[in-house]
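# Chains, contacts and geometry: an overview
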Amino acid sequence: MESIFHEKQEGSLCAQHCLNNLLQGEYFSPVELSSIAHQLDEEERMRMAEGGVTSEDYRTFLQQPSGNMDDSGFFSIQVISNALKVWGLELILFNSPEYQRLRIDPINERSFICNYKEHWFTVRKLGKQWFNLNSLLTGPELISDTYLALFLAQLQQEGYSIFVVKGDLPDCEADQLLQMIRVQQMHRPKLIGEELAQLKEQRVQKTDLEHVLEVNDGTGMLDEDEEELQRALALSRQEIDMEDEEADLRRAIQLSMQGTSRNRCQDIPQTSGSHPTSEELRKRREAYFENHNSEVYEGKF
C-alpha cells in the first residue's frame, strides 16, 4: 500500500489532510484553505452589510471570530465544499432524506468525507477496495465491502456527519495500480497516539534495562539507599581493620615484653627461697641497668 497517498495528522490541519488524502496528492496547503476561508468571511460580511452597516446585527457580526477557520488550523465544511468545487466535486449529506430516497448502496459510491467534533477524514475506494484514510492512523486501513456499510453506520451512531463526494475524482497512481491487484492487510494500523504511547513505553523499558545492566556491571549509579549501605559497610570494614591492627599491636608488645623479661631473667642468678634478700635485690637492679645500658649502646650503631 506504499502507492497510497496518506497524510498523517499535523497540528489541527485535519481538513487539509482530509482533502489531500481524498484527492491523493498535495493539492491544498493551509495558505490556500485560509484564502478560501477569508473569501467566505468577506461574502458573509457583505451580506450582513446589506441590512445596514450601522445595525446591531452587523456590529455583532464584526466582533465575532471567523466561523470558517481558526488559529489552530480548523476549517469549516463550507471551506472544504468550496475547495472541492475547484475540482468539480460536490458534497451531499449521507443521511439526508433526499439522498436516502435514492437507496444507493455505499459500495457503489467512490468516497465519503466524515466529520466529528472538528475532525475530518476521508474514506475512499481505490481500485476495487475501500480504505479508511484517517490522518490519525499510522497508515491506510483496509475496509472490506461487507464491512463498509456497518462501518458507516457505526460512525453515524457515534455522532459523525457523513458526506458523499459526488463527481469524478482526479486520476491517481494508487487507483490505477489497485485496479489490477488486490491487497491484503495482516495488521490494522494503529492510531498515532497509540504508536507514540507504545514507543514511549519501549523507551522507558529500555532505560530501566540499561540501568539494571549498568548497576550489575558496576558502572551504574547507585541510588541513595544503596549509597548509604555502601558507606556503612565501608566504615564497618575500617573499624574491623583498626581493631585488628590494635589487637596485633597489643600482641606484639606483649610478646616483646615477654621476650625481654625472659632474657633478663636468664642473666640474673636465682636463689632459693621465696623472698630475696636486700643484697639480692641490689644485684638484680645492677644487672638490669647494665643490660639496659648495653642494649642502648648497641642500638646506636
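Residue numbers here run from 1 along each chain, matching the order of that chain's written sequence. For a predicted model such as this one, the threshold for reporting local features is a pLDDT of at least 70, and the threshold for listing and counting side-chain atom pairs is 80 or more; totals across whole chains, interfaces and linings nevertheless cover every residue. Computation of side-chain values: all heavy atoms of the structure, hydrogens and water removed.

The cut-off we apply is this: UniProt positions are given in the numbering used here, feature names are shortened, and annotations may be inferred rather than shown by experiment.
An unreviewed UniProt entry lists the protein under the name ubiquitinyl hydrolase 1, with Bos indicus x Bos taurus as the source organism. Here is the UniProt Subcellular location (unreviewed entry) comment for the protein, exactly as written: "Nucleus". Here is the UniProt Catalytic activity (unreviewed entry) comment for the protein, exactly as written: "Thiol-dependent hydrolysis of ester, thioester, amide, peptide and isopeptide bonds formed by the C-terminal Gly of ubiquitin (a 76-residue protein attached to proteins as an intracellular targeting signal)."

### Brief notes about the nonpolar core
Definition in use: For the purposes of this section, nonpolar cores are sets of buried Ala, Val, Leu, Ile, Met, Phe, Trp, Tyr and Cys residues that join through side-chain atoms within 4.5 Å. Buried means the residue's accessible area, taken with a 1.4 Å probe over protein chains only, is under 20% of the maximum for its type, while exposed means over 50%, and partly exposed covers the values in between. For helices the rule is a DSSP run of H or I covering at least 4 residues; for strands it is a run of E covering at least 2, with both sets numbered from the N terminus onward. Note on contacts: a residue pair qualifies if any of its non-hydrogen atoms lie within 4.5 Å across the two residues.
Counting 26 residues, the largest nonpolar core has Leu33, Phe75, Ile80, Leu84, Ile113 and Trp120 as its most contacted members. Per-element tally for this core: the top contributor is helix H1 (residues 14–23), with six residues. Once you skip the residues sitting within four places of it in the chain, Phe75 turns out to touch Leu13, Ala15, Pro30, Leu33, Ser34, Ala37, Asn68, Met69 and Trp120. Among the nonpolar cores identified, the runner-up in size contains 15 residues, and Phe94, Phe121, Val123 and Leu148 belong to it.

### Here we look at a nonpolar patch on the surface
Spelled out, the test is: Residues enter a patch when their relative accessible area is above 30% and they make no salt bridge; the linking distance is 9 Å between like charges and 5 Å between nonpolar side chains (Val, Leu, Ile, Met, Phe, Trp, Tyr). Computed with the Shrake-Rupley method and a 1.4 Å probe, the accessible areas treat only the protein chains shown as cover for residues. Only one rule defines a salt bridge in this text: a Lys or Arg side-chain nitrogen within 4 Å of an Asp or Glu carboxyl oxygen.
Taken together, the side chains of Leu177, Met180 and Ile181 make up a nonpolar region of the molecular surface, amounting to roughly 300 Å² of accessible area. Looking at where Ile181 falls in the secondary structure, it is placed in the loop between helix H7 (173–178) and helix H8 (192–217).

### A short note on the sheet that holds strand S6 (residues 161–166)
Quick note on the threshold: Should DSSP find at least two bridges between two strands, the strands are taken to pair. For helices, the fitted line uses only the C-alpha atoms of the stretch in contact; every axis is such a line through C-alpha atoms, and the angle between N-to-C directions lies from 0 to 180 degrees.
What the six strands build is an open sheet, ordered S1-S6-S2-S3-S4-S5; its pairing is antiparallel. Every interior strand has two partners, whereas the edge strands, strand S1 (90–93) and strand S5 (141–143), have only one. If you compare each strand with its neighbour and ignore which way they point, the axes differ by 30° on average. The sheet strands contacting H1 are strand S2 (111–116), strand S3 (119–126) and S6, and the helix crosses S3 at an angle near 5°. Those strands touched by helix H6 (residues 145–157) are S2, S3, strand S4 (129–132), S5 and S6, and its axis lies near 110° from that of S5.

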